[in-house]
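# A look at the structure
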Amino acid sequence: MNEALTPAAQVILSIVPIVGIAFAAIIVFFALLWRHREIKARIRTEQYIPPVYDWQAFSLLIGLCLCGVGLVLTVMFILLNGFTWTLLGGLIPLVLGLAVLIFYKLNPAFHKTVGNEK
């Protein structure tokens, strides 16, 4: 089982990921082009309604996800390696998540509701 691959097999094995990435890029390109043309057609016919984003829920979700991932990574890196530079792989998302949650809590624009302005 430790036989070397033939040159033809090596070429085929090196081309497969390149072809896969190229096909994925083509699919993404045409999906974006289709969406762009759909939006242009809706604008021309005056049927386009721009999407409304709930930034409050988005920032809360991102903050909680980053805190969860960062906390788990930090604990695992401390248990596996101790206090080394790899610990930054867990501390960075943890601090980013905490920063987003603090921004969520302190931003006065998030606490305004319709008819109940502070």
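The structure we're discussing is the one just above.
Presented here is an overview of the structure given in this document.

### Some words on the overall build of the protein chain
- Secondary structure assignment for the protein chain yields 3 helices and 0 strands.
- The globule rule puts the C-alpha radius of gyration for 118 residues at 13 Å, and the 24 Å found for the protein chain is more than 25% above it.
- Viewed in the frame of its principal axes, the protein chain has a C-alpha envelope of about 75 × 60 × 20 Å.
- Residues counted as buried form 11% of the 118 residues belonging to the protein chain.
- A separation threshold of at least 6 residues defines the contact pool for the protein chain, and within that pool the share at least 24 residues apart is 50%.
- Within the protein chain, one finds 8 positive and 5 negative side-chain charges whose respective centroids are separated by 8 Å.

### A look at the packing of aromatic side chains
- Enumeration according to the criterion identifies 3 aromatic pairs in this entry.
- Where Phe29 meets Phe30, the ring centres are 5.1 Å apart and the plane angle is 75 degrees; that geometry is what we call edge-to-face.
- Plain terms: the ring middles of Tyr53 and Trp55 are 5.6 Å apart, the flat faces sit at 50 degrees to each other, and that makes the pair tilted.
- Residue classification places Tyr53 among the exposed residues on the basis of a relative accessible area of 55%.
- By way of ring pairs, the aromatic residues Tyr53, Trp55 and Phe58 are connected into one cluster.

### A look at a nonpolar patch on the surface
- Nonpolar side chains collect at one region of the surface, where Val11, Ile15, Val19, Phe23, Ile26, Phe29 and Phe30 lie side by side and expose about 670 Å² of accessible area between them.
- For Val19, the location among the structural elements is in helix H1 (residues 7–44).

Reading guide: rules and limits
Residues numbered from 1 in each chain as written. Predicted model: local features only at pLDDT ≥ 70, side-chain atom pairs only at ≥ 80, totals over all residues. Heavy atoms only, no water. Helix = DSSP H or I, 4+ residues; strand = E, 2+ residues; numbered from the N terminus. Rg over C-alpha atoms; globule rule 2.2 N^0.38 Å. Buried < 20%, exposed > 50% of the residue type's maximum accessible area, 1.4 Å probe, protein only. Contact = heavy atoms within 4.5 Å. Lys, Arg positive; Asp, Glu negative; His and termini not counted. Charge placed at Lys NZ, Arg CZ, Asp CG, Glu CD. Phe/Tyr/Trp six-rings, centres within 6.5 Å; stacked < 30°, edge-to-face > 60°. Patch = residues over 30% accessible without salt bridge, like charges linked within 9 Å, V, L, I, M, F, W, Y side chains within 5 Å. Areas by Shrake-Rupley, 256 points an atom, 1.4 Å probe, with all protein chains shown as cover. Salt bridge = Lys/Arg side-chain N within 4 Å of Asp/Glu carboxyl O.

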